[in-house]
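Residue strings, one per chain:
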Amino acid sequence: MTEKLINQPGPNFKDCTNMASVNGHAEPYMNGHANGVAEEKTRVILWTVPRSISTAFERCMGGLDNVELIHEPYVTAYYFGPEKRYHHAPFMPTDEGYSYSDVKKKLEADFEDRDVVFCKDMAYALDDKFEMLPKGYKHTFLIRDPVKAHASMHKLCTKPWLLNYSLIDLVMPQGYAFKQLWDLYEHVTEVLKEDTVVIDADDLLCYPEQVIRRYCTATGLQFNNGMLEWKSNVDITQNWSSSLKLLNYVGVYESAMKSNSFFKHTPCAKRKKDTDVSSLPEDVQKAIEISQPFYDKLYRVRIIPEDLETEV
């Protein structure tokens, strides 16, 4: 049976990784049976930045048949693990089962009763530990206009429990997540020599079916209409593989949990920026300025919705 990641210490997880490497390419996982028959299993990981509608995309991926959803294990290691990289909030609890090596091992487990494994995480939480990338996964990337992403983060930081935190100094990493996303993209494409998939949040909101269909085709996932709508369910995370410390402590997923689809924006093609950047605090403006070039480079290699192909 598949072992859940919820609050389980690393040593309790089976080391079920039977991955072989041939010419630098990961071979399919073995199913652990005596006959050694290779088991085909689709594994996809989505790397993204905060406030990018990524949890709603996770809800969408929950529509896949027989899927294991894994929610932000590297984020857990970054904020809560024994090697935590975030030290601005010493009162945050530690989750001993989420060292970086534990996370890698968990992601490489057999999941023998699942056909698909889908993980969503933040690139900055990897903390440049590229050697801790799990084997056997198709790496994909979700981006969002930095104005929208950082303005949303600023709005989040006005919540009472975050009033004493600065976007620059405490909440966001140096590089504001977009640099780390680009660095990981370069590593996957230039060092690992692997193909990737990049999707944009605006495209996803405006043309959900077109983007999701193309994402599935590019990753080997089987699209179905159940991925376009889902039930509003604030308790859905109980079915996800994740740290309860992360889900209970962070508390920033409410809107995604209450959603039931991607909200179609009209008019889509204009992509208006409703936020007046000059009205934002200086630290947020700086974050946008630094993030923009990295977003632009990723935007140029994104999957393009069919309806926008004539505009390119």
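Shown above is the structure to which this text applies.
This report concerns the structure included in the present document. If you're wondering where the values come from, they're calculated on a predicted model, not measured in any experiment. (Residues numbered from 1 in each chain as written. Predicted model: local features only at pLDDT ≥ 70, side-chain atom pairs only at ≥ 80, totals over all residues. Heavy atoms only, no water.)

As for the overall build of the protein
- In terms of regular secondary structure, the protein is built from 11 helices and 7 strands.
- Contacts spanning at least 24 positions in sequence make up 78% of the contacts within the protein whose residues lie at least 6 apart.
- For the protein, the accessible surface area stands at approximately 14,800 Å², while carbon and sulfur atoms represent 48% of it. (Helix = DSSP H or I, 4+ residues; strand = E, 2+ residues; numbered from the N terminus. Contact = heavy atoms within 4.5 Å. Areas by Shrake-Rupley, 256 points an atom, 1.4 Å probe, with all protein chains shown as cover.)

Side note on helix 6 (residues 178–191)
- Between its first and last C-alpha, helix 6 extends 19 Å over 14 residues, near the 20 Å set by a 1.5 Å rise per residue.
- Three or more residues of helix 6 are buried, namely Phe178, Gln180, Leu181, Trp182, Asp183, Leu184, Tyr185, His187 and Val188.
- The secondary structure elements touched by the buried residues of helix 6 are strand 3 (42–48), strand 6 (138–143), helix 4 (146–156), strand 7 (197–200) and helix 11 (282–299).
- Two residues or fewer after helix 6 comes Lys193, characterised by a positive phi angle close to 60°. (Expected span 1.5 Å × (residues − 1). Buried < 20%, exposed > 50% of the residue type's maximum accessible area, 1.4 Å probe, protein only.)

Section: the sheet that holds strand 6
- Here 5 strands make up an open sheet; going across it, the order is 4-5-3-6-7 and the pairing parallel. Looking at the sheet topology across the chains shown, the edges are occupied by strand 4 (67–71) and strand 7. Here the strands of the sheet are splayed against their neighbours by 20° on average, with no regard to which way each runs.
- Bridging between strand 6 and strand 7 involves 4 bridges; their strand directions are parallel. Counterpart to Ile143 in the pairing with strand 7 is Asp200.
- Here helix 6 sits on the sheet in contact with strand 3, strand 6 and strand 7, set at roughly 150° to strand 6. (Pairing = 2+ DSSP bridges. Axes fitted to C-alpha atoms, helices over the stretch in contact; angles between N-to-C directions.)

Points about the pattern of salt bridges
- In the structure shown here, the tally under the stated rule is 10 salt bridges.
- For the salt bridge of Arg114 with Glu68, the shortest nitrogen-to-oxygen distance reads 2.9 Å. Of the two residues, Arg114 is situated in the loop between helix 3 (100–107) and strand 5 (116–122) and Glu68 in strand 4; the sequence distance between them amounts to 46 residues.
- By relative accessible area, which is 0% here, Glu68 ends up buried. (Salt bridge = Lys/Arg side-chain N within 4 Å of Asp/Glu carboxyl O.)

Thoughts on helix 3
- Of all 8 residues in helix 3, 6 are buried, a share of seventy percent or more.
- Turning to helix 3, its buried residues are Tyr100, Asp102, Val103, Lys104, Lys106 and Leu107.
- Against strand 3, strand 4, helix 2 (73–79) and strand 5 lie the buried residues of helix 3.

Some thoughts on the side chain of Asp200
- With respect to the helices and strands, the residue Asp200 is situated in strand 7.
- Since its relative accessible area comes to 0%, Asp200 is described here as buried.
- Engagement of the side chain of Asp200 in a polar contact is seen with the backbone nitrogen of Asp202, the distance being 3.0 Å.
- A polar contact of 2.8 Å, which involves the side chain of Asp200, links it to the side chain of Tyr295. (Polar contact = N/O pair within 3.5 Å; in protein donor to acceptor, adjacent residues only side chain to side chain.)

Let's talk about the packing of aromatic side chains
- A full pass over the atoms with the stated rule returns 11 aromatic pairs.
- On the basis of an interplanar angle of 85° and a centroid distance of 5.3 Å, the ring pair of Tyr78 and Tyr124 is categorised as edge-to-face. Taken as a pair, Tyr78 in helix 2 and Tyr124 in the loop between strand 5 and strand 6 lie far apart in primary sequence, 46 residues in all. Of the two residues, Tyr78 and Tyr124, both sit in the buried class.
- Judged by centre distance (6.4 Å) and plane angle (85°), the rings of Tyr79 and Tyr124 are edge-to-face. Of the two residues, Tyr79 is situated in helix 2 and Tyr124 in the loop between strand 5 and strand 6; the sequence distance between them amounts to 45 residues. (Phe/Tyr/Trp six-rings, centres within 6.5 Å; stacked < 30°, edge-to-face > 60°.)

Concerning the packing of helix 4 against helix 11
- Contact pair helix 4 / helix 11: the axes reach a minimum separation of 9 Å and the direction vectors enclose 145°. Once helix 4 is placed against helix 11, the crossing between them reads as right-handed. The residues of helix 11 that touch helix 4, namely those facing Pro146, Val147, His150 and His154, are Val284, Ala287, Ile288, Ser291, Gln292 and Tyr295.
- Broken down by class, the residue content of the contact of helix 4 with helix 11 amounts to 6 nonpolar, 4 polar and no charged. (Left-handed = near helix turned anticlockwise from the far one by under 90°. Nonpolar A, V, L, I, M, F, W, Y, C, P; charged D, E, K, R; others polar.)

Points about the nonpolar core
- Counting residues in hydrophobic clusters, the biggest one holds 48 residues, and the most contacted among them are Trp47, Tyr74, Tyr79, Phe141, Leu181 and Leu184.
- Counting only elements with at least two residues in this core, the list comes to strand 3, helix 2, helix 3, strand 5, strand 6, helix 4, helix 6 and helix 11.
- By residue number, the principal contributor to this core is helix 6, which donates 6 residues.
- In contact with Tyr74, not counting residues within four places along its chain, are Trp47, Tyr100, Val103, Lys104, Leu107, Asp121, Ala125, Leu126, Met132, Leu133 and Pro134. (Core = buried A, V, L, I, M, F, W, Y, C linked by side-chain atoms within 4.5 Å.)

Comments concerning the environment of Leu142
- Mapped onto the elements, Leu142 comes out in strand 6.
- Judged by relative accessible area, which is 0%, Leu142 ranks as buried.
- Once the C-alpha coordinates of Leu142 and Val197 are considered, the two residues, 55 residues apart in sequence, prove to be 8.6 Å apart.
- Contacts of Leu142, omitting those with residues within four sequence positions, involve Leu46, Trp47, Thr48, Val49, Ser52, Ile53, Ser54, Leu181, Ile199, Asp200 and Ala201.

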